[in-house]
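Single-letter residue listing:
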Amino acid sequence: MSLHLYDTSTRTVREFVPVEPGRVSMYLCGATVQAPPHIGHIRSGVNFDVLRRWLLRQGYDVTFCRNVTDLDDKIIRVSAGEGVPWFVVSERNQRAFTWAYDHLGCLPPTVEPRAMGHVPEMIELMRRLIDKGHAYASGGDVYFDVVSYADRYGKLSNQKLENLRAADDTDTDSLKRDPRDFALWKGAKPGEPTWPTPWGKGRPGWHLECSAMATKYLGGTFDIHGGGVDLIFPHHENEIAQSQAAGDGFARYWLHNGMLKLGGEKMSKSLGNSLLIPDMLRKVRAVELRYYLVAAHYRSAIDYSDEALQEAAAGYRRIEGFVTRAAEVIHDVDAAAPLPQAFVDAMDDDLNVSQALAVVHEVVREGNVALAQGNKEQVARLLAETQNMLDVLGLDPRSEQWRTTGDSGLRDVVDALVAVALEQRQAARARKDYAAADAIRDQLAAAGIVVEDTPQGPRWELAQ
Ligand SMILES: Nc1ncnc2c1ncn2[C@@H]1O[C@H](COP(=O)(O)OP(=O)(O)OP(=O)(O)O)[C@@H](O)[C@H]1O
Ligand SMILES: [Zn+2]
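Parameters and conventions
- Residues numbered from 1 in each chain as written.
- Chains lettered and ligands numbered in written order.
- Predicted model: local features only at pLDDT ≥ 70, side-chain atom pairs only at ≥ 80, totals over all residues.
- Heavy atoms only, no water.
- UniProt positions renumbered as here; feature names shortened; annotations may be inferred.
- Helix = DSSP H or I, 4+ residues; strand = E, 2+ residues; numbered from the N terminus.
- Salt bridge = Lys/Arg side-chain N within 4 Å of Asp/Glu carboxyl O.
- Buried < 20%, exposed > 50% of the residue type's maximum accessible area, 1.4 Å probe, protein only.
- Near = heavy atom within 4 Å.
- Polar contact = N/O pair within 3.5 Å; in protein donor to acceptor, adjacent residues only side chain to side chain.
- Areas by Shrake-Rupley, 256 points an atom, 1.4 Å probe, with all protein chains shown as cover.
- Nonpolar A, V, L, I, M, F, W, Y, C, P; charged D, E, K, R; others polar.
- Donors = N, O, S within 2.8 Å, 3.2 Å for Na, K, Ca; no water.
- Contact = heavy atoms within 4.5 Å.
- Phe/Tyr/Trp six-rings, centres within 6.5 Å; stacked < 30°, edge-to-face > 60°.
- Domains from an automatic or database assignment.
- Buried area = accessible area lost by both parts, 1.4 Å probe.
- Pairing = 2+ DSSP bridges.
- Axes fitted to C-alpha atoms, helices over the stretch in contact; angles between N-to-C directions.

Chemist: Help me out: how do you make sense of the UniProt feature "domain: Cysteinyl-tRNA synthetase class Ia DALR" (unreviewed entry) in the protein in this one?
Modeler: If you check UniProt for "domain: Cysteinyl-tRNA synthetase class Ia DALR" (unreviewed entry), the listed places come out as residues 342-403 in our numbering. For the annotated span residues 342-403, helix accounts for 81% and strand for 0% of the residues, and the straight-line distance between the end C-alpha atoms is 28 Å.

Here is the structure:
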């Protein structure tokens, strides 16, 4: 089987065939930066990162564009509340997003365009739509004429035009020919930042931004467009309408991640139920949070719970424990070793990561047996398989990411401290003060550190 992906626009799992052999172009609706990210945003980021890594593993040259919406109503509200310019708010929060994506092991995008740097491209797109009779200027706003595109509007979200309600994206509905028309451009309002256009000063509508940026960096027709399911309507429906009505092919596969919820409700900056990344990193390590966020199928909803997070962290530590122990006996890991077929099949089946992780755990189980039996050849093979599978998921504990970031930096510090404690234990034993030696071991255990004596000397790991 080759890679198959669930395409929202056809509502089927279909074979992935890129426009150009050997190359994949991907666009992901990124952050609207009115606030720092919660784990729902990062769930979206890490799941598309897994897709990207899977494509890279298959030898594709991947161009990945993830945008930033650096101005919208919410950012204007925050900037007015704080009495600072809009760009102070968006800059600050964009940095928080970048920090979080980086910290969770997302490969940096090929390009990360900001909407407000692309007004000329948006003007150009509006010009094409007006020329083709799919858009019109009215009282300083510019609207998309939904009726002019009636036979195709609603295809992505599987809705009929006659059942659609008014688009509530402006407070000037009287300027629209039809209440369902949506704003491409919003005329200037007092106190708001504006850019000049042939139809007057103003600022862009959100949907227009993504169409303009996606086609600028990926071309008129590109492979994959992603985002959360919350964006299918109206955002993605409107992106398709604008781009296809202007004559572009636009995205060929539409992928949507499920929502991360809290108590059954979408986690959302606007609802104020955000679990922010720095707070989460006080509960678990970044790699463990990533494991938690990728472990469920990307299309399923996750209802957050501390228990599930801790369970995921323990699951990851089981894998990490094997990799650490095996790496003590195997020093050269074959990065080109083939992946287990069951893992490949799971990933090709619409990125079934939960199934793929079941394969990882199975290989780790075999690996632990091989370690116990001292079967070095087997350990070498199983360690290579494990690390290569983890690499696809961005979870290899020995990768640059997890060796050099805070986690393993901390590991080095703990290493040194544990070494001091163990020397003292050794000294206590030497003077036959077994009570003192046991007390040191108990103190380490109370701190969550389990010490094991091995032929290579004492080794520690975090208790599971
Ligand atoms: N709770 C969530 N779970 C999963 N993905 C999410 C969640 N919230 C947002 N996303 C996705 O994260 C990306 C960035 O979202 P964006 O900044 O536009 O947030 P938003 O939808 O405005 O969120 P909020 O409601 O928190 O303001 C989008 O692809 C969006 O679909
Ligand atoms: Zn978008």
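Chemist: Can you help me understand the pattern of salt bridges in this one?
Modeler: Pairs can form between side chains of opposite charge once their charged atoms are near each other. Taken as a whole and assessed by the stated rule, the structure comprises 28 salt bridges. Ionic pairing is found between D223 and R252, a salt bridge with its closest N-O pair at 3.6 Å. With D223 in strand β9 (residues 221-228) and R252 in strand β10 (residues 250-257), the pair connects residues that are 29 residues apart, well separated along the chain. For D223, a relative accessible area of 2% puts it in the buried group. Take R252: its relative accessible area is 31%, and that puts it in the partly exposed class. Residues joined by salt bridges that share partners form a network here, namely R285, E288, R317 and E320.

Chemist: Which parts of the structure should I look at to understand the site of ligand 1?
Modeler: The immediate surroundings of ligand 1 are formed by 23 residues, with T32, D230, L260, S268 and K269 found nearest. Within the backbone of G40, an N or O atom sits 3.1 Å from a nitrogen atom of ligand 1. Its free accessible area being 600 Å², ligand 1 has 96% of it covered by the protein chains. Looking at the shell around ligand 1, the elements that each hand over two or more residues are α1 (39-57) and β9. Of the residues that constitute the shell around ligand 1, the class distribution is six nonpolar, 13 polar and four charged.

Chemist: Would you mind showing me how to read the coordination of the zinc ion (ligand 2) here?
Modeler: A metal bound by six donors in octahedral fashion has ideal angles of 90 or 180 degrees, whereas one bound by four tetrahedral donors has an ideal angle of 109.5 degrees. All of the protein donors around the zinc ion (ligand 2) are C29 (SG), C210 (SG) and H235 (NE2); their distances to the metal are 2.0 to 2.2 Å. The sequence pattern describing where the donors of the zinc ion (ligand 2) fall on their chain is C-x180-C-x24-H. On the criterion of sequence distance, the pair formed by C29 in the loop between β3 (23-28) and α1 and C210 in helix α5 (residues 206-218) is long-range, its members being 181 residues apart. Taking the relative accessible area as the measure of exposure, C210 reaches 1% and is therefore buried.

Chemist: Where do I start with the UniProt feature "short sequence motif: 'HIGH' region" (unreviewed entry) in the protein in this structure?
Modeler: The UniProt record annotates "short sequence motif: 'HIGH' region" (unreviewed entry) at residues 31-41. Here residues 31-41 is 27% helix and 0% strand, with 8 Å between the C-alpha atoms at its ends.

Chemist: Sorry, what's going on with the side chain of Q387 here?
Modeler: Within the secondary structure, Q387 is located in helix α12 (residues 376-393). With sequence-adjacent residues up to four places away left out, Q387 is seen in contact with V323, V333, D396 and R398.

Chemist: Can you walk me through the packing of aromatic side chains in this structure?
Modeler: Each aromatic ring pair is summarised here by two numbers: the centre-to-centre distance and the angle between the ring planes. In the structure shown here, the tally under the stated rule is 14 aromatic pairs. Consider the rings of W54 and F343, whose centres lie 6.1 Å apart with planes at 80 degrees: the pair is edge-to-face. One end of the pair, W54, is in helix α1; the other, F343, is in helix α10 (residues 341-348), with 289 residues separating them in the sequence. Accessibility classification places W54 together with F343 in one group, the buried group. Centroid distance W86 to W195: 5.9 Å. Interplanar angle 65 degrees. Geometry classified as edge-to-face. On the criterion of sequence distance, the pair formed by W86 in helix α3 (residues 86-103) and W195 in the loop between β7 (182-187) and β8 (202-204) is long-range, its members being 109 residues apart. W195 gets classed as buried once you look at its relative accessible area, which sits at 18%.

Chemist: Help me understand the domain arrangement of the protein in this model?
Modeler: For an interface, size is often stated in terms of accessible area lost upon the parts coming together. If you check the domain split of the protein, you get domain 1 (4-257), domain 2 (269-393) and domain 3 (407-462). On a C-alpha basis, the centroid separation for the pair domain 1 and domain 2 is 32 Å. Each partner contributes residues to the interface: domain 1 has 33 residues there, and domain 2 has 36 residues. Note on domain 1 versus domain 2: buried area summed over both sides is about 2,900 Å², and carbon and sulfur give 63% of it. Its largest share of buried area at the contact with domain 2, domain 1 owes to I39, R43 and W54, together 26% of the area lost on that side. At the junction of domain 1 with domain 2, the criterion picks out two salt bridges. Measuring nitrogen to oxygen at the nearest pair gives 2.8 Å for the salt bridge that ties R290 to D49. Linking domain 1 to domain 2 there are 15 residue pairs in polar contact (both at pLDDT 80 or more).

Chemist: Would you mind showing me how to read the pairing of strand β1 (residues 4-7) here?
Modeler: In summary, the side chains of a regular strand alternate between the two faces of the sheet. Going residue by residue along β1, you find L5 and D7 tucked away on one face and H4 and Y6 left uncovered on the opposite face. Between β1 and strand β2 (residues 12-15), which follow one another and run antiparallel, lie four residues, and R11 among them has a positive phi close to 55 degrees.

Chemist: I keep staring at the sheet that holds β10 and nothing clicks. Help me out?
Modeler: Note on sheets: strands pair through backbone hydrogen bonds, and any given pair is parallel or antiparallel. Pairing is parallel across the open sheet formed by four strands, whose spatial order is β4-β3-β9-β10. Strands with a single pairing partner mark the edges of an open sheet, and in this sheet they are β4 (61-66) and β10. With direction set aside, neighbouring strand axes in the sheet form an average angle of 25 degrees. In this structure, β3 lies alongside β9, joined through three bridges in parallel fashion. Each residue of the ladder has a partner; that of M26, found in β9, is I224. Packed onto the sheet, α1 meets β3, β4, β9 and β10 and runs at close to 175 degrees relative to β3.

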